[in-house]
Amino acid sequence: AFPMHVDHHPLIQDFPELRSELQRLRQEDQHFSKQSDEYEALDKRICRIEDGIELLDDASLSQLKQSRVTLKDDLARQLKIAAGQGCGCGNGCSA
């Protein structure tokens, strides 16, 4: 039996303090919702590869992981803006 990644919501695990913003954005913001779905699908796929369920060469896996990091950074920025924390650029911008 393969280890199963049950209840796979990596964004809530990554940003527990932004859980309410996460749920609100997923409902109200189509772009965010689409991106978070992409992120979770990508994350699941990477887990499947790492668990040996799906086979992929190392270079392609590295590219998937890089895409996941990029998506996660973008989602984190949107979440922080939604939470009123600014985008983290240091310029005090709220957009």
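Shown above is the structure to which this text applies.
Fair warning: this is a prediction, and the values are worked out from it, not measured in the lab. (Residues numbered from 1 in each chain as written. Predicted model: local features only at pLDDT ≥ 70, side-chain atom pairs only at ≥ 80, totals over all residues. Heavy atoms only, no water.)

Asks: I tried to follow the overall build of the protein on my own but got confused; where do I start?
Replies: Of the regular secondary structure elements, the protein holds four helices and zero strands. If you list the helices and strands of the protein from N to C, you get α-α-α-α. Here the protein holds 95 residues, and the buried ones make up 33% of them. Long-range pairs, those at least 24 residues apart, make up 61% of the contacts in the protein between residues at least 6 apart in sequence. By element, 49% of the accessible surface of the protein is carried by carbon and sulfur atoms, the whole surface being about 6300 Å². (Helix = DSSP H or I, 4+ residues; strand = E, 2+ residues; numbered from the N terminus. Buried < 20%, exposed > 50% of the residue type's maximum accessible area, 1.4 Å probe, protein only. Contact = heavy atoms within 4.5 Å. Areas by Shrake-Rupley, 256 points an atom, 1.4 Å probe, with all protein chains shown as cover.)

Asks: What should I look at first to understand the nonpolar core in this one?
Replies: Across soluble globular proteins, nonpolar side chains have a tendency to be buried as a group. Within the largest apolar cluster, 17 residues are counted, with the highest numbers of intra-cluster contacts made by Leu11, Phe15, Leu22, Phe32 and Leu79. Elements supplying a minimum of two residues to this core: helix H1 (10-14), helix H2 (19-28), helix H3 (30-50) and helix H4 (58-82). Among the elements that take part in this core, H4 stands out by supplying six residues, more than any other. Those residues in contact with Leu22 that lie beyond four places of it in its chain are Leu11, Ile12, Phe32 and Leu79. (Core = buried A, V, L, I, M, F, W, Y, C linked by side-chain atoms within 4.5 Å.)

Asks: How do you make sense of the pattern of salt bridges when you look at a structure like this?
Replies: Pairing is possible between side chains of opposite charge, provided their charged atoms come close. Tallying each qualifying case throughout the model produces 10 salt bridges. For the salt bridge of Lys34 with Glu38, the shortest nitrogen-to-oxygen distance reads 3.2 Å. In this pair, Lys34 and Glu38 both sit in helix H3, four residues apart, roughly one turn of the helix. The class of Lys34 is exposed, set by a relative accessible area of 54%. By relative accessible area, which is 39% here, Glu38 ends up partly exposed. (Salt bridge = Lys/Arg side-chain N within 4 Å of Asp/Glu carboxyl O.)

Asks: Honestly, H3 in this entry has me stumped. Any pointers?
Replies: One full turn of an α-helix is made of 3.6 residues, so residues set three or four places apart face in the same direction. Relative to the 30 Å expected for 21 residues at 1.5 Å per residue, H3 spans 30 Å between its end C-alpha atoms, a close match to the ideal helical length. Among all positions of H3, only Phe32, Ser33, Gln35, Ser36, Tyr39, Glu40, Leu42, Asp43, Ile46, Cys47 and Ile49 are buried. Two to three positions downstream of the cap, the backbone nitrogen of His31 sits 3.0 Å from a side-chain oxygen, assigning the N-cap of H3 to Asp29. (Expected span 1.5 Å × (residues − 1). Polar contact = N/O pair within 3.5 Å; in protein donor to acceptor, adjacent residues only side chain to side chain.)

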